[in-house]
Protein chains: 2
Amino acid sequence: MSKETLLVLDADPPPRLDRLTGRARILHGDESTLARQLPLADVLLVWDFTSDAVRRAWPGDGPRPRWVHTASAGVDHLMCPELIASDTVVTNARGIFDLPIAEYVSGLVIAMAKDLPGTLELQRQRRWRHRETLRVAGSRAVVVGSGPIGREIARLLKALGVVTALVGRTARPGVHGAHELTPLLSRADWVVCAAPLTDATRGMFDAAAFAAMPASARFINVGRGPLVVEDALVAALRNGRIAGAALDVFGEEPLPPRSPLWDVPGLIVSPHMSGDTVGWRDELGAQFVGLYEIWAAGDPLPNVVDKKRGYVPMHD
Amino acid sequence: MSKETLLVLDADPPPRLDRLTGRARILHGDESTLARQLPLADVLLVWDFTSDAVRRAWPGDGPRPRWVHTASAGVDHLMCPELIASDTVVTNARGIFDLPIAEYVSGLVIAMAKDLPGTLELQRQRRWRHRETLRVAGSRAVVVGSGPIGREIARLLKALGVVTALVGRTARPGVHGAHELTPLLSRADWVVCAAPLTDATRGMFDAAAFAAMPASARFINVGRGPLVVEDALVAALRNGRIAGAALDVFGEEPLPPRSPLWDVPGLIVSPHMSGDTVGWRDELGAQFVGLYEIWAAGDPLPNVVDKKRGYVPMHD
């Protein structure tokens, strides 16, 4: 088999790719070179998943990569009508982020139940103020997004004794359908968003969704920023419509210093890091190399995205 | 059976005690009245467990309560040679705090692994700074204290995938003996102190104990303040001998505003609240009423403290 051309979209070369040296012709590109390089590439590795350059540079009917891999769980930064319509295969980093994100969400749940942010603020003020806190076990969570990340979040919350409902697009065993969301929200202590960003989910956490939650509810978003109408969340927090929130993802990232989100009472802001444990870049690099070997052998790739839906469908 | 005299040590009357109205003669006392009232009481309920008034006021050979109950897990505030030598039965609030404290510790573990304190500080500064964090699953914890609280902490940490060793006074199935502590500390990512405060445990976390831990270790104390040599902990944190710590209990409580502990880098200070979830006072009151009914019926009390050891021994 002749050497294929692998185009890597990133300023810094990803780790572990040296294993492909001599086996593929590797090009490195950035936003400025992508449109010129895409027609030359057989395979595109989107390492910088914060960029929407692929969507902007994707060739129409011309020569184009037959396979695009993104080193991320979400594929919202890639998708455009031309890519969806093409026969190019898209794969994602399924599996790498599941447990880290589930741990992160569990930590936020307990930290909010035990008011750790309040404790740290009082510590800064050298004030000893005993408070009563919440039990986690027996509380109720709704996890929106029934892919591997959402399911891992649900597993870990259940291990903590949280009564957890998982919500997906369509109902199946162990998963509630989207039409059941509103009644579930109305009984939730914790609402966790781990959904893919698609046309169907964009802005799904809007004023009506926050209004459906009880005043004691706390909301956590580890999916994508545009799943949430940020102004509606801010209003819900300021009006006491819900009790607290934590956002790891935002409509604009990095969140600009002037954003009003930084200092909304009851809102925890973190810099899109919920899945990024030590060694994650190595894991992502090794995962791509493994997929490349499957591709080079001509075998069917795993982690194939349903491009119309915008995520990897479940097969169980 | 004639009415017994129940003396309650607390400024505020505990909840749920109204159920005993008409069945016991209830006196309320405080530190100033205790010495005078103790000889009159059949039963003493120590509601305010922060006071060492009982130890100071306990009668020698004279008339004294036949039963003392403390609304706390620890009994260190009560114990004195005269009480230990007497035939007075001492019971504690075994069971009430187990799950809340285990949740609290689990929350601290995840919050430290994911650097939630750093995230909150950066948020205050409106700074977006991505960091790589630690996986909790697969990390190693040593939980010192093999009573119900320590065992519940170990259960919950194991549910999070933490490889957890439990250490008690003597080895038994599932529990390491105290002589195994040092080698266990040397491999620990997390060291959790949930031991009773006794002559054998006072100051056990000293410079040598912190020196035995790896530089990546983080220490959590939810037992009693004097289990830790606070100066040695501060030195270990300032010298980078260990990576972080969280104290919920202190040698002096409330921690005075001038204490140097408030602003040691890497140290989380909380106001002795790890076990105090909403409704805890009701639970403690109801637990005492239940014990009182057993006592009044002449049946053997559960939760009986081994006064020489200073805790309720395990029977399994």
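Bear in mind that the values here come from a model prediction, so they are computed numbers and not experimental data. (Residues numbered from 1 in each chain as written. Chains lettered and ligands numbered in written order. Predicted model: local features only at pLDDT ≥ 70, side-chain atom pairs only at ≥ 80, totals over all residues. Heavy atoms only, no water.)

1. A word on the overall build of chain A
Logical step 1: When its secondary structure is counted, chain A shows 10 helices and 11 strands.
Logical step 2: Taking 316 residues into account, the globule formula puts the C-alpha radius of gyration at 20 Å, and chain A, at 21 Å, falls close to it.
Logical step 3: The C-alpha extent of chain A, read off along each of the three principal axes, is 70 × 45 × 30 Å.
Logical step 4: Counting the 316 residues in chain A, one finds 57% classified as buried. (Helix = DSSP H or I, 4+ residues; strand = E, 2+ residues; numbered from the N terminus. Rg over C-alpha atoms; globule rule 2.2 N^0.38 Å. Buried < 20%, exposed > 50% of the residue type's maximum accessible area, 1.4 Å probe, protein only.)

2. What about the interface of chain A and chain B?
Logical step 1: Residue-level contacts link 58 residues of chain A with 58 residues of chain B.
Logical step 2: Taken over both partners, the interface formed by chain A and chain B buries close to 5000 Å², and the fraction arising from carbon and sulfur atoms is 62%.
Logical step 3: The largest per-residue losses of area from chain A upon contact with chain B belong to Arg-126, Trp-128 and Arg-135 of chain A, which jointly make up 18% of the total buried on that side.
Logical step 4: Taken together, chain A and chain B are joined by 6 salt bridges.
Logical step 5: Summed over the shared surface of chain A and chain B, the number is 28 residue pairs in polar contact (both at pLDDT 80 or more).
Logical step 6: Looking at the side of chain A that touches chain B, the elements with two or more residues in it are helix H4 (98-113), helix H5 (116-124), helix H6 (148-159), strand S11 (267-269) and helix H10 (280-296) of chain A.
Logical step 7: A total of 9 residues in the side of chain A that touches chain B trace back to one element, the largest contributor, which is H4 of chain A.
Logical step 8: Considered class by class, the residues forming the side of chain A that touches chain B number 31 nonpolar, 11 polar and 16 charged. (Contact = heavy atoms within 4.5 Å. Buried area = accessible area lost by both parts, 1.4 Å probe. Salt bridge = Lys/Arg side-chain N within 4 Å of Asp/Glu carboxyl O. Polar contact = N/O pair within 3.5 Å; in protein donor to acceptor, adjacent residues only side chain to side chain. Nonpolar A, V, L, I, M, F, W, Y, C, P; charged D, E, K, R; others polar.)

3. Quick look at the relation of the copies chain A and chain B
Logical step 1: When chain A is fitted to chain B, the best match, at an RMSD of 0.0 Å, comes from turning it 180° and sliding it 0.0 Å along the axis. Such a combination of rotation and displacement between the chain copies is what one expects of a two-fold axis.
Logical step 2: When the interface residues of chain A are mapped onto chain B, 100% of them again lie at the interface, so the same face is used by both copies. (Least-squares fit on C-alpha atoms with pLDDT ≥ 70 in both.)

4. Quick look at the sheet that holds strand S10 (residues 244-247) of chain B
All names here are of chain B.
Logical step 1: Taken in spatial order, the 6 strands make up an open sheet running S7-S6-S8-S9-S10-S11, and their pairing is parallel. With one partner strand each, in any of the chains shown, strand S7 (163-167) and strand S11 (267-269) form the two edges of the open sheet. For this sheet, the mean inter-axis angle between neighbouring strands, taken without regard to orientation, is 15°.
Logical step 2: Sheet topology places strand S8 (residues 190-193) next to strand S9 (residues 218-221); 4 bridges connect them, and they run parallel. For Val-192, the partnering residue across the bridge sits in S9 and is Ile-220. (Pairing = 2+ DSSP bridges. Axes fitted to C-alpha atoms, helices over the stretch in contact; angles between N-to-C directions.)

5. Remarks on the packing of H4 of chain A against H6 of chain A
A packed helix pair is summarised by two numbers, namely the angle formed by the two axes and the spacing between the axes.
Residue and element names in this part refer to chain A.
Logical step 1: At their nearest, the axes of H4 and H6 sit 8 Å apart, and the two run at 45° to each other. Considering the angle they form, H4 stands oblique to H6. As H4 runs across H6, the sense of the crossing is right-handed. Every residue of H6 that contacts H4 at Asp-98, Leu-99, Ile-101, Ala-102, Glu-103, Val-105, Ser-106 and Val-109 is listed here: Pro-148, Ile-149, Glu-152, Ile-153, Arg-155, Leu-156 and Leu-157.
Logical step 2: Taken together, the residues of the contact of H4 with H6 break down into 10 nonpolar, 1 polar and 4 charged. (Parallel < 35°, antiparallel > 145°, perpendicular 65-115°, else oblique. Left-handed = near helix turned anticlockwise from the far one by under 90°.)

6. What to know about the domain arrangement of chain A
Frequently, the measure chosen for interface size is the accessible area that the parts lose on association.
Residues and elements named next belong to chain A.
Logical step 1: Split into domains, chain A comes out as domain 1 (4-96 + 279-296) and domain 2 (98-269).
Logical step 2: For domain 1 versus domain 2, the separation of C-alpha centres amounts to 31 Å.
Logical step 3: On the side of domain 2, 7 residues touch domain 1, which itself brings 8 residues to the contact.
Logical step 4: Both faces considered, domain 1 and domain 2 share a buried interface measuring about 560 Å² in area, 47% of it formed by carbon and sulfur atoms.
Logical step 5: Summed over the three residues of domain 1 that lose the most area to domain 2, namely Asp-76, Arg-94 and Gly-95, the buried surface amounts to 60% of that side.
Logical step 6: Put simply, domain 1 and domain 2 have 1 salt bridge between them.
Logical step 7: Its salt-bridge partner being Asp-76, residue Arg-224 comes within 3.0 Å of it at the nearest N-O pair. (Domains from an automatic or database assignment.)

7. Observations regarding the packing of H5 of chain A against helix H5 (residues 116-124) of chain B
Logical step 1: Running from amino to carboxyl end, H5 of chain A crosses H5 of chain B at an angle of 65°, the nearest separation of the two axes being 11 Å. For the element pair H5 of chain A / H5 of chain B, the angle class is roughly perpendicular. You can see that H5 of chain A and H5 of chain B cross each other, and the crossing is right-handed. In this structure, H5 of chain A uses Leu-116, Pro-117, Leu-120, Glu-121 and Arg-124 of chain A to contact H5 of chain B, whose residues at the interface are Leu-116, Pro-117, Leu-120, Glu-121 and Arg-124 of chain B.
Logical step 2: Residue composition of the contact of H5 of chain A with H5 of chain B, grouped by class: 6 nonpolar, no polar and 4 charged.

8. Focus on the nonpolar core
Logical step 1: Ile-153 of chain A together with Ile-153 of chain B are the most contacted members of the largest nonpolar core, which has 106 residues in total.
Logical step 2: Beyond its immediate chain neighbours, meaning those up to four positions away, Ile-153 of chain A contacts Ile-101, Ala-102, Val-105, Val-143, Val-192, Ala-194 and Val-222 of chain A. (Core = buried A, V, L, I, M, F, W, Y, C linked by side-chain atoms within 4.5 Å.)

9. A word on the UniProt feature "domain: D-isomer specific 2-hydroxyacid dehydrogenase NAD-binding" (unreviewed entry) in chain A
Logical step 1: As annotated by UniProt and renumbered to match this structure, "domain: D-isomer specific 2-hydroxyacid dehydrogenase NAD-binding" (unreviewed entry) occupies residues 107-274 of chain A.
Logical step 2: The straight-line gap between the two end C-alpha atoms of residues 107-274 of chain A is 10 Å; of that span, 29% is helix and 15% is strand. (UniProt positions renumbered as here; feature names shortened; annotations may be inferred.)

10. Here we look at unusual backbone geometry
Residue and element names in this part refer to chain A.
Logical step 1: Residues Glu-253 and Pro-254 are joined by a peptide bond in cis, for which omega reads -10°.
Logical step 2: The residue Pro-254 is located in the loop between strand S10 (244-247) and S11 in this model.
Logical step 3: At Arg-126, a residue that is not glycine, the phi angle is positive and equals roughly 55°.
Logical step 4: Mapped onto the elements, Arg-126 comes out in the loop between H5 and strand S6 (140-144).
Logical step 5: The backbone of Asn-303 shows a phi angle near 60°, a positive value even though the residue is not glycine.

11. Digging into the environment of Gln-123 of chain A
Logical step 1: By secondary structure assignment, the location of Gln-123 of chain A is in helix H5.
Logical step 2: Sequence spacing of Gln-123 of chain A and Val-228 of chain A is 105 residues, and the spatial spacing of their C-alpha atoms is 32 Å.

12. As for the pattern of salt bridges
Think of it this way: side chains of opposite charge can pair up when their charged atoms draw near.
Logical step 1: A complete count under the given rule lists 32 salt bridges over all chains for this structure.
Logical step 2: One salt bridge in this structure joins Asp-52 of chain A and Arg-56 of chain A, with 3.2 Å as the shortest N-O distance.
Logical step 3: We note a salt bridge from Glu-293 of chain B to Arg-23 of chain B, for which the minimum N-O separation is 3.2 Å. You can see Glu-293 of chain B sitting in helix H10 (residues 280-296) and its partner Arg-23 of chain B sitting in the loop between strand S1 (4-9) and strand S2 (24-29), a full 270 residues away along the chain.
Logical step 4: Within this structure, Glu-31, Asp-52, Arg-55 and Arg-56 of chain A form a network of salt bridges that share partners.

13. Focus on the sheet that holds strand S8 (residues 190-193) of chain A
All names here are of chain A.
Logical step 1: The 6 strands lie next to each other as S7-S6-S8-S9-S10-S11, forming an open sheet whose pairing is parallel. One side of each edge strand has no neighbouring strand; the edge strands of this open sheet are strand S7 (163-167) and S11. Neighbour to neighbour, the strand axes of the sheet diverge by 15° on average, direction disregarded.
Logical step 2: In this structure, S6 lies alongside S7, joined through 5 bridges in parallel fashion. Counterpart to Val-143 in the pairing with S7 is Leu-166.
Logical step 3: Sheet strands touched by H4: S8, strand S9 (218-221), S10 and S11. Its angle to S9, the strand with the most contacts, is close to 155°.

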